[in-house]
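# Summary of the model geometry
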Amino acid sequence: MTRLLYYVSDRLKGVDISGDREVKYRNVFSFYYAVLALRLFSFLWLYWTAAKYLQLQQRPTDIFWFDHTLVKWLMPSLPNAPLFFGVLALAVVCNGWQLIKSKSSFVLQLPLALSLLWLNLPQWGYGFLSHVNHTFLLAHLFLVFIPISKASLQHPGQQLHKSINWFYAGILFTYTLAGLWKIPSLLYKLLLNTTDVHWLHPHASLYNAFVSFRNYDLPFNLAPVFTDYALFWQLSFLVVVYLQSASIVAAFRQELRPLMGVLLVLFHGMNMLVFQTYFVVATLVLLCLLLPYDVLLGNKFRKLAADLQTNFTEAQPAISTLTPFECFRQRVKSKSFYLSGILFLPGVRMLANGITRIAGKL
Amino acid sequence: MKLNPNKGLKYTKRLVAVSMAGSILSVVTGMAGFGELYPFATWKLYTQPLGSKNIYEEYRIYTLAPDNAMWQRQSVMNNPKDFTQDEYVYTLNKLVAGALSDAPDSVMFRSRLQSFVKYVAPPAAAYKIVKETYHPLEHLHHPQHYDTLTVLRF
């Protein structure tokens, strides 16, 4: 697995025609503020979790159980209030201290990540692992070994830059796996030629939406949306598979991150609206982590660059080695770093180079 | 304490790699029927649309009020307790599956199911768990077209 990721990372680096220094500064700057946003959101999450715990206390004690031996051992029953709120206080202190000090510390982040995992467990104690909050918990876990601080903005080292990319790889991999897994499942159904409704069937989204609503006894008035625009939903499925599968590329391509963030948030939003599939925390975490803070806080970023007397346009590759598409992409990128993200989507370069080659032969 | 960036990178890579391996392993163990070993695998993969087999089954709680001879179907959304719609459906399914199994712990699951039902449903003289089966397209056009089968009663 590590080797595969190295390969993806190296391939991306191989076609990296950007100013290496600029990428590092942007990456560290954006990540610093992303962590800040995550820490602020963590207080809200802790509040929600405390409120949920108070509700769980009302439930009959005998319906609390885990199927997993390890978790059962860790939390045999709903923890008592002093213990729960003690761990919650530890999480508040660890998170708050790192926020105030503007730096992540291994000795505080490790207990924080473990505390959050533990605080989340009671919600999973009613017979199923809901995976609710998984993105949030993973983000805190992958932060443990990343020494980001305000001082890093002045000296964005190569190791830190790479650690940040790996952090995003860990988060986005959950989406990639969900996307990739749909491909063999679809092929299997298509090859077997069964009467089952697969995802490219014109009724697929209608089925999925109707059963979801029925599952929760909600009135379903959306049928025309699916029957009148069946092709839209079939194409949407293909877009979602591509988007999910490709999302890990944004880990090693910062240009892509805000675009991928917007698309994944839209994906979650659509799922909430028409399929009753709610990923509220995951959506908020994506927003915290994938916003382009170097653009949103443009003045600060430019001031930092000016203070460091950094000319981000200095490291240009030899133009002669680039294809016409890569030259075009480079031009777009020098005008708008994040707008060029769309040109870094997997397959776009191959497609453009192919078209250029065919056009050249005609 | 601040970690050395070299070590930070090394450990972050390992942590991410272990997490990825855990996710993949969970997909495999989930398919093999051993459940998910790693809690951060993937949630609601939707590898097939819901109802893709052209038949869908779900369980509902029915109650018999003391002053009423008619069984009353309890809607998921009307439960006044803290169970969210997902929690309600998944916990009910899990408990019913456990109570109906041949495993030795089915008695315990039956007892848990009773506690759960009495907690989420209004007070009643009797309760039953009904399996509702339907064809999605047919049920969509004819809301009354679905089969019911009582699987448990207490």
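For the structure itself, consult the block above.
Throughout what follows, the structure given in this document is the object of discussion.

### Some details on the overall build of chain A
- Per the secondary structure count, chain A includes 18 helices and zero strands.
- Residues counted as buried form 56% of the 362 residues belonging to chain A.
- In chain A, once contacts between residues fewer than 6 apart in sequence are set aside, the share between residues at least 24 apart is 75%.
- Looking at charge distribution, chain A has the averaged site of its 29 positive side-chain charges lying 5 Å from that of its 14 negative ones.

### Brief notes about the interface of chain B and chain A
- Chain B puts 70 residues into the contact, and the matching count from chain A is 75 residues.
- Interface of chain B and chain A: buried area, both sides summed, is about 7,000 Å²; carbon and sulfur atoms make up 65% of it.
- When the shortest N-O distance is used, the salt bridge between B:Glu87 and A:Lys52 registers 3.1 Å.
- The tally of links from chain B across to chain A stands at 25 residue pairs in polar contact (both at pLDDT 80 or more).
- Secondary-structure elements contributing two or more residues to the side of chain B that touches chain A are helix 1 (5-31), strand 1 (56-64), helix 2 (85-100), helix 3 (106-120), strand 3 (126-134) and helix 4 (136-141) of chain B.
- Per-element accounting of the side of chain B that touches chain A gives the leading share, 16 residues, to helix 1 of chain B.
- Grouping the constituent residues of the side of chain B that touches chain A by class yields 36 nonpolar, 20 polar and 14 charged.

### Quick look at the nonpolar core
- Residues A:Phe167, A:Tyr168 and B:Phe116 are the most contacted members of the largest nonpolar core, which totals 108 residues.
- The element best represented in this core is helix 2 (residues 20-56) of chain A, accounting for 16 residues.
- A:Ala204, A:Tyr207, A:Phe210 and A:Trp233 belong to the second-largest nonpolar core, a separate cluster that totals 23 residues.

### Let's talk about the packing of helix 2 of chain A against helix 6 (residues 134-142) of chain A
Residues and elements named next belong to chain A.
- For the pair helix 2 and helix 6, interaxial distance at closest approach is 12 Å and the crossing angle is 130 degrees. Looking at the two axes, helix 2 sits oblique to helix 6. As helix 2 runs across helix 6, the sense of the crossing is left-handed. Mapping the contact onto sequence places Leu38, Arg39, Phe41, Ser42 and Trp45 in helix 2 and Phe136, Leu137, Ala139 and His140 in helix 6.
- Residue composition of the contact of helix 2 with helix 6, grouped by class: six nonpolar, two polar and one charged.

### Let's talk about the pairing of strand 1 of chain B
Residues and elements named next belong to chain B.
- Most of strand 1 sits inside the fold, with eight of its nine residues counted as buried.
- Bridge analysis of strand 1 against strand 3 gives nine bridges, and the strand direction is antiparallel. Paired with arginine 60 across the two strands is valine 130, which belongs to strand 3.
- Taken together, the three bridges between strand 1 and strand 2 (residues 71-73) define a ladder with antiparallel strand orientation. Looking across to strand 2, one finds that tyrosine 62 is bridged to arginine 73.
- Between strand 1 and strand 2, which pair antiparallel in sequence order, lie six residues.

### Brief notes about empty space enclosed by the protein
Residues and elements named next belong to chain A.
- In the structure shown here, the tally under the stated rule is three cavities of 30 Å³ or more.
- Roughly 70 Å³ of volume is contained in the largest cavity.
- Along the walls of the largest cavity sit Tyr32, Val35, Leu36, Arg39, Gln98, Ser102, Lys103, Ser104, Ile148 and Ser149, which together make up its complete lining.
- In terms of residues, the lining of the largest cavity owes the most to one element, helix 2, which gives four residues.
- Its residues placed into classes, the lining of the largest cavity shows four nonpolar, four polar and two charged.
- Empty space within the second largest cavity amounts to approximately 50 Å³.

Parameters and conventions
- Residues numbered from 1 in each chain as written.
- Chains lettered and ligands numbered in written order.
- Predicted model: local features only at pLDDT ≥ 70, side-chain atom pairs only at ≥ 80, totals over all residues.
- Heavy atoms only, no water.
- Helix = DSSP H or I, 4+ residues; strand = E, 2+ residues; numbered from the N terminus.
- Buried < 20%, exposed > 50% of the residue type's maximum accessible area, 1.4 Å probe, protein only.
- Contact = heavy atoms within 4.5 Å.
- Lys, Arg positive; Asp, Glu negative; His and termini not counted.
- Charge placed at Lys NZ, Arg CZ, Asp CG, Glu CD.
- Buried area = accessible area lost by both parts, 1.4 Å probe.
- Salt bridge = Lys/Arg side-chain N within 4 Å of Asp/Glu carboxyl O.
- Polar contact = N/O pair within 3.5 Å; in protein donor to acceptor, adjacent residues only side chain to side chain.
- Nonpolar A, V, L, I, M, F, W, Y, C, P; charged D, E, K, R; others polar.
- Core = buried A, V, L, I, M, F, W, Y, C linked by side-chain atoms within 4.5 Å.
- Axes fitted to C-alpha atoms, helices over the stretch in contact; angles between N-to-C directions.
- Parallel < 35°, antiparallel > 145°, perpendicular 65-115°, else oblique.
- Left-handed = near helix turned anticlockwise from the far one by under 90°.
- Pairing = 2+ DSSP bridges.
- 1 Å grid on protein atoms, 1.4 Å probe; cavity = no way out; pocket = protein on both sides within 12 Å on 5 of 7 lines; lining within 4 Å.
- Points joined across faces, edges and corners; volume = space filled by probe spheres on them.

Keep in mind that these numbers describe shape and distance, not what the molecule does.
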